[in-house]
Amino acid sequence: MKRHTKTLSVLLAVILCFSFIIPAFSVFADKREVIRVGFPIFERLTQIDENGKYSGYTYEYLQEIAQYTGWEYEFVKLDGDENDVLSKMYEMLKNGELDIMGSTNYSLELDNDYDFPNMSYGAVNYTLEALEDNTFMNDLNYHKSDNLRIAVLEKAKTSQAALADFCNENNFNYTLIYCKNEDELKKTLDEKKADVMLYNDISLIKGTRIVSKFKPKPFYFATTNGNTDVVSKLNSAMKMINSGSPYFTEALHQKYFSKKSNLLTFTENEQAFIKKSKVLTVAVPKSRYPLEKIDLDGSASGISIDVLDIISEKTGIKFQYKPIDSLEEIHNALKNRTVDLAVGVTYDYNDSQNYNFSMTNSYISTQISMISKEKINPYELENKRLALPFGVNYDGIDGENAIRFNSNLECVNAIKSGKADYTYGNNYSMEYYSQTEKLSHLTLVPQTSHIYNYCIGISRPVDPILISVLNKTIDSISKDEIETIIYKNSIHKNEKISIEDFIRSHPIEVVFILLSFGLLLVAFLVYFAWSQKHARMKLQIENERFNLLCDLSLEYLFEYDYKKDVLTLTEKTVEAFGGKLITEKYLENVLKSSHSKDDWARNIQKSLDKDKSIITERQVEIKTGELIWMRIAIAVITDESGNKKYLVGKITNIQSEKEEKDELLKQSKTDSLTKLCNVTTTREQTEKQLLENVDIIKGSIFILDIDFFKKVNDNYGHYIGDKILQDVSTVLRNVFTMQDIIGRIGGDEFIVFSQVVKNEKDIKEKINLINEQVFKMDSRWPTSITLSIGIAIAKKGATYDSLYKSADLALYKVKENGRNGFLIAKAKSDNK
């Protein structure tokens, strides 16, 4: 057997071989490390319900850390005033009576008493919040007021300072309305004494919504000073959490702190439009139930009609229905403006352009299904007659020679009467028709690759406010409401069947009943045989459909029969990995050979114990010799006695999924504007280089700050400011090497760690090169730019924090002395 055909065979052989062995393991007691956690009660952060169940942002994050560390937590609670409890717990942490406290803001003062991990586990943003029903105030116009009135807590000086910076940076005027507590904040909004209030996004007040967030402030876990084991494990676990789930903290923040509201609000212009709105004429397909249907008495029903009823209830807009036979006529009615709207229109830009109508957001999606005669193979349709409604075409389905009818129901009846062999339609209608008594002998096959969205079409020219009102209302309809509407309309309602219908549908049964009661047994046997044949045919079609779906996906299937020693592969699996469709005496012939490159397959089998399944991800060599990331899922099927009967498996190509995750990970480590390392990546890479050999000098750290950069933004705008930041980034890349770590750690603040720059001579050379290149770029900018630079040289035992503090202090002294210069400081070793 060729080399490239052996990869899968050896993999399966090893799995089968090991699956016969039941490994014996000694059972050891699991002694878990107990971590004492300070647990002050704060809503949404650390909370306990009336049943004693713990929850909250910090609690869930700690549980995620435990997945990597194996920690068991002892949550310590104290009674008393919030401030007293916090003070006692931080004292307990300082004395080593606690191991961890969450929700701690980092500061140099606290750094002397506690240790912190390298990264935060969340952040709190300051917010400006307006009343929920304040339709005028939004994130686009709140700052356009001549004098924005902002309610603030009078004791919250830190948040007021942050607000002042934010307002100055965005150039708008404001007036502070001082309040004593949170209740007074809300009351000031209710009484129209303030336009917005200053708050934060982790403490929620009912009846308000956020119009702006600014100045995020990270919070950390704090540990007892010198507790290096806990800090090290926190660093490792949090790094793996960020690497494996980059959006974990974002999802957790959304879960506990997001302000969700089902309130539907309209602007003043939208409200005025609704009041003046006339009754709108809506085109409705006559017969496309359960989507839409018009009865003989003119009443309309269906999913789309229920959606319109909700829109009418929420907005007050009235609708009148105009029944139309086909979708083609509906398109023409929109084009000719004989109707205002049409429901159940396919969300298709080509139709929108060809028939000159606009589309709302979709309110329902469905796949397409095929209905055919029972004896027709749905995958061999050559020379078969296709029936389609007028104006309906589907991607990938040739409808040029189709027999056209007004509706899906007429197409289905054409198949029943022999005028056509098969048709396509939306899955809701096709399933409904297939359930009726008179259509029970037709076959339904969903087409999973064809998904269509349905929306409301609007005749042009259209008032943009109408589209806005309809879209807002459609988006406000919850998923549960849509599912309820679908369920209500999709339930098949049995209709009364006349004797004439029964005789026409069951002539054989009626004849037998009339001839003789004694022939009842014969009729039963005939019916039973027919049912068995029908069931076999349905099963065959389902199997063919399943195989087709597998062929369309990136999945490869295999099965092994333990008793017969037979391995069976699908055609697609053989095409990808080589081998035969059916291999007899598999264990006897194939397991005789083995390859060292497939040792990883043996490791997979170690996890496959009796009656267990495994899922793993590996790089597998395919037939072309290429290594592709695959997800391998394997399960053993046993009989009632526990004897193994079958092994079934599925291999899924996840190469694109892996590549997408790698790209997201790369983006998470990079500053989006300058493409330099972000603050977290800078710290991690610098610490890694410092820890590679702590006994020798490792280089120098530079902290650079653009002088008076705020004035650049104020005078020339953020676009020019961003261009200058990008140019300075280019200068740093030119001056330093690919091995140096270059990052952006703030608005106009950069950091560089270079292992090769180890003395003052090297430092001055780099400073001269930086200034020369900045001077050369001066003509590109509307104003001259200078830099203030603080430098620290790494000595034995230096850490990132010690270097950063020394360089930052040197930078501060440069700014005190007038900026546009540099200063070299000596970094002390960390010996906590």
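Just so you know, the residues in each chain are numbered from 1, in the order the chain's sequence is written. pLDDT decides what is reported in this predicted model: residues at 70 or higher carry local features, side-chain atom pairs at 80 or more are listed and counted, and totals for whole chains, interfaces and linings draw on all residues regardless. Only hydrogens and water are removed before side-chain values are computed, so all heavy atoms of the structure are retained for them.

Focus: the overall build of the chain
Next up, step 1: Across its full length, the chain holds 28 helices and 34 strands.
Next up, step 2: Contact between two residues is taken to exist if any of their heavy atoms lie within 4.5 Å; hydrogens are not considered. Restricting to contacts in the chain with at least 6 residues of sequence separation, those with at least 24 account for 70%.
Next up, step 3: Exposure was quantified through the Shrake-Rupley algorithm and a 1.4 Å probe, taking into account, for residues, occlusion by the shown protein chains and nothing else. In the structure as shown, the chain presents an accessible area of about 45,600 Å², 50% of it carried by carbon and sulfur atoms. The helix and strand labels rest on DSSP assignments: H or I over at least four residues marks a helix, E over at least two residues marks a strand, and numbering proceeds from the N terminus.

Examining the sheet that holds strand β14 (residues 292–294)
Strand-to-strand pairing in sheets goes through backbone hydrogen bonds, with the strands running parallel or antiparallel.
Next up, step 1: By definition, two strands form a pair when at least two bridges between them are found by DSSP. Strand order across the open sheet formed by 3 strands is β13-β14-β15, with antiparallel pairing between neighbours. Sheet topology places β13 (287–288) and β15 (300–301) at the edges, where each strand pairs with a single neighbour.
Next up, step 2: Here β13 pairs with β14 via 2 bridges, running antiparallel. Bridging from a neighbouring strand, Ser287 pairs with Lys293 of β14.

Here's the deal with the layout of surface pockets
Next up, step 1: The rule is simple: put a 1 Å grid over the protein atoms alone, call a set of points where a 1.4 Å probe fits but cannot get out a cavity, call an open set with protein on both sides within 12 Å along at least five of seven lines a pocket, and count a residue as lining if it has an atom within 4 Å of a point. Grid points are joined across faces, edges and corners, and a volume is the space filled by probe spheres set on the points. If you add up the space inside the second largest pocket, you get close to 1,300 Å³.
Next up, step 2: Counting residues per element, the lining of the second largest pocket draws most heavily on helix α3 (residues 82–94), at 4 residues.

What about a nonpolar patch on the surface?
Next up, step 1: Residues form patches when they are more than 30% accessible in relative terms and have no salt bridge. Like charges link within 9 Å. Nonpolar side chains (Val, Leu, Ile, Met, Phe, Trp, Tyr) link within 5 Å. We count a salt bridge whenever a side-chain nitrogen from Lys or Arg sits within 4 Å of a carboxyl oxygen from Asp or Glu. On the surface, Leu515, Leu519, Val522 and Val526 cluster together into a nonpolar patch covering about 340 Å² of accessible area.
Next up, step 2: Assignment of secondary structure puts Leu515 in helix α18 (residues 507–515).
Next up, step 3: Judged by relative accessible area, which is 59%, Leu515 ranks as exposed. Residue exposure (1.4 Å probe, protein chains only): buried if accessible area is under 20% of the type maximum, exposed if over 50%, otherwise partly exposed.

Comments concerning the nonpolar core
Next up, step 1: Buried Ala, Val, Leu, Ile, Met, Phe, Trp, Tyr and Cys residues form a nonpolar core when they are joined through side-chain atoms within 4.5 Å. Of all hydrophobic cores here, the largest spans 33 residues; its most connected members are Ile311, Phe319, Leu341, Ile364 and Ile456.
Next up, step 2: Listed by contribution, the elements that provide at least two residues to this core are α9 (268–276), β12 (280–285), α10 (303–315), β17 (341–346), β23 (442–459), α15 (464–476) and α16 (479–490).
Next up, step 3: If you tally residues by element for this core, the top one is α10, at 6 residues.
Next up, step 4: What Ile456 contacts, discounting residues up to four positions off in sequence, is Leu308, Ile311, Leu341, Ala342, Val343, Ser358, Met359, Thr360, Tyr363 and Ile474.
Next up, step 5: Formed by 29 residues, the second largest nonpolar core is a distinct cluster that contains Trp71, Ile202, Leu252 and Tyr256.

With respect to α16
Next up, step 1: Between its first and last C-alpha, α16 extends 16 Å over 12 residues, near the 16 Å set by a 1.5 Å rise per residue.
Next up, step 2: Every buried residue belonging to α16 is among Ile482, Ile485, Ile486 and Asn489, and all of these are buried. The buried residues of α16 occupy an angular sector of 95° when projected down its axis, which confines them to one face. Of the exposed residues in α16, those oriented more than 90 degrees away from the buried face are Asp480, Thr484 and Tyr487. Here the expected length of a helix is defined as 1.5 Å per residue gap, with one fewer gap than residues. Note that the arc is defined by the directions from the helix axis to the C-beta atoms.

A short note on the sheet that holds strand β29 (residues 644–653)
Next up, step 1: Strand order in the open sheet formed by 6 strands is β26-β25-β24-β29-β28-β27, with antiparallel pairing between adjacent strands. With one partner strand each, in any of the chains shown, β26 (582–584) and β27 (613–621) form the two edges of the open sheet. Each strand of the sheet is rotated relative to its neighbour by a mean of 20°, with strand direction disregarded.
Next up, step 2: For strand β24 (residues 555–561) and strand β25 (residues 566–569), the ladder comprises 4 bridges, and the chain directions are antiparallel. The axes used here are C-alpha line fits, helices contributing only the stretch in contact, and every angle between their N-to-C directions lies in the interval 0 to 180 degrees.

Section: the packing of aromatic side chains
Next up, step 1: Think of it this way: a Phe, Tyr or Trp ring, Trp meaning its six-membered ring, pairs with another when their centres are within 6.5 Å, and the plane angle makes it stacked under 30 degrees, edge-to-face over 60, tilted otherwise. Summed over all chains, the structure comprises 26 aromatic pairs.
Next up, step 2: Where Tyr106 meets Phe116, the ring centres are 5.1 Å apart and the plane angle is 80°; that geometry is what we call edge-to-face. With Tyr106 in the loop between β5 (100–104) and α4 (108–113) and Phe116 in the loop between β6 (114–115) and β7 (122–131), the pair connects residues that are 10 residues apart, well separated along the chain.
Next up, step 3: A relative accessible area of 11% places Phe116 in the buried class.
Next up, step 4: Each ring, one from Tyr422 and one from Tyr424, has its centre 5.8 Å from the other, and the planes form 85°; the classification is edge-to-face.
Next up, step 5: Aromatic rings pair up to connect Tyr57, Tyr61, Tyr121, Phe219, Phe221, Phe248 and Phe257 into one cluster.

Overview of the pattern of salt bridges
Next up, step 1: What the rule picks out here adds up to 27 salt bridges.
Next up, step 2: For Asp99, the salt bridge goes to Arg36, with nearest N and O atoms at 3.2 Å. Placement of the pair is Asp99 in the loop between α3 and β5 and Arg36 in strand β1 (residues 34–38), with a sequence separation of 63 residues.
Next up, step 3: The class for Arg36 is partly exposed, based on a relative accessible area of 29%.
Next up, step 4: The residue Asp340 makes a salt bridge to Lys278 at a minimum N-O spacing of 3.7 Å. Taken as a pair, Asp340 in the loop between α11 (327–335) and β17 and Lys278 in the loop between α9 and β12 lie far apart in primary sequence, 62 residues in all.
Next up, step 5: A relative accessible area of 17% means that Asp340 is categorised as buried.
Next up, step 6: One salt-bridge network, in which partners are shared between bridges, spans Glu33, Asp229 and Lys233.

Details of the packing of α9 against α15
Next up, step 1: Contact geometry for α9 and α15: axes closest at 10 Å, N-to-C directions at 95°. Judged on the interaxial angle alone, α15 and α9 are roughly perpendicular. Here Asn269, Glu270, Phe273 and Ile274 of α9 come into contact with α15, specifically with Ile465, Leu466, Ser468, Val469 and Lys472. Reported orientations rely on four angle classes, namely roughly parallel under 35 degrees, roughly antiparallel over 145, roughly perpendicular from 65 to 115, and oblique for the rest.

Notes on the pairing of strand β10 (residues 196–200)
Next up, step 1: Taken across its 5 residues, β10 has 5 buried, putting it largely inside the fold.
Next up, step 2: In β10, alternate side chains face the same way, and those of Val196, Leu198 and Asn200 on one face and Met197 and Tyr199 on the other are all buried.
Next up, step 3: Pairing analysis gives 2 bridges linking strand β8 (residues 148–153) to β10, with the strands arranged parallel. Looking at β10, one finds that Ile150 is bridged to Val196.

Here's the deal with the confidence of the model for the chain
Next up, step 1: Scored by pLDDT, the chain has a mean of 81; 83% of the residues are at 70 or more.
Next up, step 2: Per residue, pLDDT measures the predictor's confidence, with a range of 0 to 100. Low pLDDT, under 50, characterises residues 596–602; the stretch is placed with 16 contacts to residues that sit more than four places away or in other chains.

Section: unusual backbone geometry
Next up, step 1: Backbone torsion omega between Tyr289 and Pro290 reads 10°, so that peptide bond is classified as cis.
Next up, step 2: Within the secondary structure layout, Pro290 lies in the loop between β13 and β14.
Next up, step 3: Each neighbour pair has its own omega, and for Arg460 with Pro461 the value is -5°, a cis peptide bond.
Next up, step 4: Along the chain, Pro461 turns up in the loop between β23 and α15.
Next up, step 5: Although it is not a glycine, Phe708 adopts a positive phi angle of roughly 55°.
Next up, step 6: Note that Phe708 resides in the loop between β30 (700–706) and α25 (709–716).
Next up, step 7: The phi dihedral of Arg819 is positive, around 70°, even though this residue is not glycine.
Next up, step 8: Along the polypeptide, Arg819 turns up in the loop between α28 (800–816) and β34 (821–826).

Concerning the side chain of His253
Next up, step 1: Here His253 lies in helix α8 (residues 248–257).
Next up, step 2: Aside from chain neighbours lying at most four places away, what touches His253 is Tyr57, Ala123, Asp201, Ile202 and Ser258.

Some details on the pairing of strand β11 (residues 208–224)
Next up, step 1: The pairing of β5 with β11 spans 3 bridges and is classified as antiparallel. The residue of β11 that forms the bridge with Thr104 is Tyr220.
Next up, step 2: Taken together, the 2 bridges between β6 and β11 define a ladder with antiparallel strand orientation. Looking across to β11, one finds that Asp115 is bridged to Thr223.
Next up, step 3: Bridge analysis of β7 against β11 gives 9 bridges, and the strand direction is antiparallel. Its bridge partner lying in β11, Glu129 is registered against Ile210.

Examining the environment of Ile763
Next up, step 1: Structurally, Ile763 can be placed in helix α27 (residues 760–776).
Next up, step 2: Ile763 sits in the buried class, given a relative accessible area of 0%.
Next up, step 3: A sequence separation of 30 residues divides Ile763 from Ile793, and the C-alpha atoms of the two residues are 9.3 Å apart.
Next up, step 4: Those residues in contact with Ile763, other than ones at most four positions away along the chain, are Ser700, Phe702, Val757, Ile791, Ile793 and Ile824.

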